[in-house]
Number of protein chains: 2
Amino acid sequence: MERFVFGIDIGGTAIKCGLFTEDGRLKEKWEIPTERAAEGERVPQDIADTILAKCREYGIRREQVLGVGLGVPGPVSGNGFVSHCPNLGWREKNVNEIMERLTGFVSVAANDANVAALGEMWMGGGAGVKNMVLVTLGTGVGGGIIAEGKIVAGATGAGGELGHMVMNPQESEPCGCGGFGHLEQYASATGIVRMAKKRMAETKKSSVLRGKETLSAKDIFDAAKEKDPLATELVDELGSVLARALSHVAAVVEPEVFVIGGGVSRAGSVLTETVKHHYNKGIMKALQGKEFRLATLGNDAGIYGCAKLILDRIEK
Amino acid sequence: MERFVFGIDIGGTAIKCGLFTEDGRLKEKWEIPTERAAEGERVPQDIADTILAKCREYGIRREQVLGVGLGVPGPVSGNGFVSHCPNLGWREKNVNEIMERLTGFVSVAANDANVAALGEMWMGGGAGVKNMVLVTLGTGVGGGIIAEGKIVAGATGAGGELGHMVMNPQESEPCGCGGFGHLEQYASATGIVRMAKKRMAETKKSSVLRGKETLSAKDIFDAAKEKDPLATELVDELGSVLARALSHVAAVVEPEVFVIGGGVSRAGSVLTETVKHHYNKGIMKALQGKEFRLATLGNDAGIYGCAKLILDRIEK
């Protein structure tokens, strides 16, 4: 009997859905919109509806479904409890219980950044290792920690919140969260653009970046690849602060591999090589020589990780 | 049938031994010297001898012994393999296998700082929680990470090496390890004395510390309790840098409780309160409100943790 698992990654605007075979093949992926009205109360029913419709579409019988893994954009406790999730409007919900009731399938929820890390470990940039850290550099900076093949969620689900590590206590500009000098202010797409504008205002250094009407992280990395001195300096600084943050992560959980994802990671090897260089320069010997890889699953990391949540549960 | 477990904490100069009942009562503790000659090759046999002698002494039969937990002063892989342990002279040893052969008992080895953390979680400052971080402030700074009740050892056993986190990349004086600006240079007993001497040389600030022929961490904390301005400043700085390091640890594994141990922790609540104050000032909301407690097991944390290694193994 062929068996299946659903991976459901709930975002603030769309819910990414994946139907996987037991051996990890993605049979189909699709999206439905996130209905955030009325504290997101429609979301669980919408997910149940799309799952049950997909079962009918493929003629999948109840006993062929191993379960539903769910990624939630906020902290989730070990038993699936969400106390407050502003991204969806949810309050005081046990997601596992609700989804089991609505679908009749085993349901396991976890934080979306953590499931993305699990997905990358399973089928992506971290494939083959059991101790891995994913750091995602997008509009913000997020992360997920995998130790011995399992998510390290932390006491209330805030483990892996790498974006708000204080990297520069002297910083005078505030982070989006209100703090000062957080990793996200330097190593996100918005962070490197902020740094570029600041540097251009402060110095007279010539740069192709000065001609741009709008400036993106991609512009900066592209210019660095062309050896633009200012852009090179900026990429080096991003690499340096990220490396220092990751060296702290290494001192705590010592992964074998760091996987870098998110939009900024499209910069490719210039990013991983710069981070690696700074990481090995600053860190104690016992923690040197770790690998820095790029994420490979992109926006699908979450649905893969959600599927893996169920497969891990079954294996126990 | 009463059952027992041995907790053996191997140090560079002495081996601390504990005989525990199954429910965690320490029946007797004793020490034997560490024979470091000839790459420490006598150590396993010495341990086996003292364990078997203790069994005879109490009339404990083989089937009453659940196992032997061992703390090793260096990295240990998950299956008990030690590739290199300069503190003992060991190279390429599988400690679990050797001890099982010599004693006939189930043996489980782990890093000494990690077992101390496990011990504090079980019966010490972290009692009652499953997500805990121990940081020990002694001559150096060490640490151990517990997530969901288990040690996070890392890929090669270097997890929890908190002392060498780079807290000040601008530092010009080297750490004992050769790096620069490591936590240990500010938050250890030697670190705060170093800072005190530096500050006294750089400023003219009056302080009772200036009169001392030799200066210890205890002198500085005692003076701070008496409101000596320079000492207060130094304790505040130690608290600030330690809090920043622990805020990074929290972003990775989010413990419920930080337990502070080692000689410096004898300073008591002035230390925990200072660290707590700085921690909550700088950190994102989701990670605020953690507890800061003092370690309570002192030098016995290791033998407790070693015993727990075995009890956890048995429960599986």
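Since this is a predicted model, take the numbers as computed values, not measurements.

Conventions used here
- Residues numbered from 1 in each chain as written.
- Chains lettered and ligands numbered in written order.
- Predicted model: local features only at pLDDT ≥ 70, side-chain atom pairs only at ≥ 80, totals over all residues.
- Heavy atoms only, no water.
- Helix = DSSP H or I, 4+ residues; strand = E, 2+ residues; numbered from the N terminus.
- Rg over C-alpha atoms; globule rule 2.2 N^0.38 Å.
- Contact = heavy atoms within 4.5 Å.
- Areas by Shrake-Rupley, 256 points an atom, 1.4 Å probe, with all protein chains shown as cover.
- Lys, Arg positive; Asp, Glu negative; His and termini not counted.
- Charge placed at Lys NZ, Arg CZ, Asp CG, Glu CD.
- Phe/Tyr/Trp six-rings, centres within 6.5 Å; stacked < 30°, edge-to-face > 60°.
- Buried < 20%, exposed > 50% of the residue type's maximum accessible area, 1.4 Å probe, protein only.
- Lys NZ or Arg CZ within 6 Å of the ring centre and 35° of its normal.
- Pairing = 2+ DSSP bridges.
- Core = buried A, V, L, I, M, F, W, Y, C linked by side-chain atoms within 4.5 Å.
- Least-squares fit on C-alpha atoms with pLDDT ≥ 70 in both.
- Salt bridge = Lys/Arg side-chain N within 4 Å of Asp/Glu carboxyl O.
- Polar contact = N/O pair within 3.5 Å; in protein donor to acceptor, adjacent residues only side chain to side chain.
- Axes fitted to C-alpha atoms, helices over the stretch in contact; angles between N-to-C directions.

Trainee: It is not clear to me how the overall build of chain A should be interpreted in this structure. Could you clarify?
Mentor: When its secondary structure is counted, chain A shows 10 helices and 12 strands. The C-alpha radius of gyration computed for chain A amounts to 21 Å, which stays within 12% of the reference 20 Å derived for 316 residues, consistent with globular compactness. The principal-axis extents of the C-alpha atoms in chain A amount to approximately 65 × 45 × 35 Å. The contacts in chain A between residues at least 6 apart in sequence include a share of 60% that link residues at least 24 apart. When the accessible area of chain A is evaluated, it comes to approximately 13,100 Å², of which 49% is carbon and sulfur surface. In chain A, 37 positive and 39 negative side-chain charges are present, and the distance between their average locations comes to 2 Å.

Trainee: Got a minute to help me understand the packing of aromatic side chains in this structure?
Mentor: The way to describe two aromatic rings as a pair is by their centre distance and the angle between their planes. Enumeration over the complete set of coordinates arrives at 12 aromatic pairs over all chains. Each ring, one from Y279 of chain A and one from F292 of chain A, has its centre 5.1 Å from the other, and the planes form 65°; the classification is edge-to-face. Taken together, the residues span a long stretch of sequence, with Y279 of chain A in helix 9 (residues 269-282) and F292 of chain A in strand 12 (residues 291-294) at a distance of 13 residues. Note on accessibility: Y279 of chain A and F292 of chain A belong to one class, buried. Lying over the aromatic face of W30 of chain B, K54 of chain B brings its terminal NZ or CZ to 4.3 Å of the ring centre.

Trainee: Which parts of the structure should I look at to understand the sheet that holds strand 9 (residues 141-147) of chain A?
Mentor: Where strands meet in a sheet, backbone hydrogen bonds hold them as pairs that are either parallel or antiparallel. Taken in spatial order, the 5 strands line up as 10-9-8-11-12 (chain A) in an open sheet, and their pairing is mixed. Strand pairing shows two members of the sheet lacking a second neighbour, strand 10 (150-151) and strand 12 of chain A, which therefore form its edges.

Trainee: Mind showing me how you'd approach the nonpolar core here?
Mentor: Within soluble globular proteins, side chains that are nonpolar generally end up buried alongside one another. With 104 residues, the main nonpolar core has I220, L242 and V249 of chain A together with I220, L242 and V249 of chain B as its most contacted residues. Contacts of L242 of chain B, omitting those with residues within four sequence positions, involve V135, L137, L183, A187, I260 and V275 of chain B.

Trainee: Would you mind going over the relation of the copies chain A and chain B with me for this structure?
Mentor: The two copies are related by a screw motion: chain A maps onto chain B through a turn of 180° and a shift of 0.0 Å along the axis, at an RMSD of 0.0 Å. One copy is carried onto the other by what is essentially a two-fold rotation axis. A share of 100% of interface residues in chain A that are also interface residues in chain B marks the association as one of identical surfaces.

Trainee: Would you take a moment to explain the pattern of salt bridges for this structure?
Mentor: Side-chain pairs of opposite charge can arise whenever the charged atoms involved come near each other. Residues and elements named next belong to chain A. Summed over all chains, the structure comprises 32 salt bridges over all chains. A salt bridge links R3 to E22; its shortest N-O distance comes to 2.8 Å. Highlighted residues: R3 in the segment before strand 1 (4-10) and E22 in the loop between strand 2 (14-21) and strand 3 (26-33), separated in sequence by 19 residues. Overall, the relative accessible area of 29% leaves R3 in the partly exposed class. Measuring nitrogen to oxygen at the nearest pair gives 2.7 Å for the salt bridge that ties D300 to K29. You can see D300 sitting in the loop between strand 12 and helix 10 (301-315) and its partner K29 sitting in strand 3, a full 271 residues away along the chain. By relative accessible area, D300 is classed as buried at 16%.

Trainee: I would appreciate a short explanation of the environment of E254 of chain B in the present structure.
Mentor: Among the structural elements, E254 of chain B can be located in the loop between helix 8 (229-253) and strand 11 (257-261). A C-alpha to C-alpha distance of 9.9 Å links E254 of chain B and Q288 of chain B, two positions 34 residues apart in sequence. In this structure, E254 of chain B is in contact with A153, G154, A155, T156, G157, A158 and G159 of chain A together with N131, V249, A286, L287 and K290 of chain B, ignoring residues within four places of it in sequence. A polar contact of 2.7 Å, which involves the side chain of E254 of chain B, links it to the side chain of K290 of chain B.

Trainee: Please explain the sheet that holds strand 3 of chain A as it appears in this structure.
Mentor: All names here are of chain A. Pairing is mixed in the open sheet, where 5 strands are placed in the order 3-2-1-4-7. Since the sheet does not close on itself, it has two edges, and those belong to strand 3 and strand 7 (107-111), each with one partner. For this sheet, the mean inter-axis angle between neighbouring strands, taken without regard to orientation, is 15°. As paired elements, strand 1 and strand 2 share 7 bridges and run antiparallel to each other. In the strand pairing of strand 2, I8 is matched with C17. Each of strand 1, strand 2, strand 3 and strand 4 (65-72) is contacted by helix 2 (residues 43-58), which is oriented at about 145° to strand 3, the strand it contacts most. Strands in contact with helix 3 (residues 95-103) are strand 4 and strand 7; relative to strand 7, the strand with the most contacts, it is inclined by about 145°.

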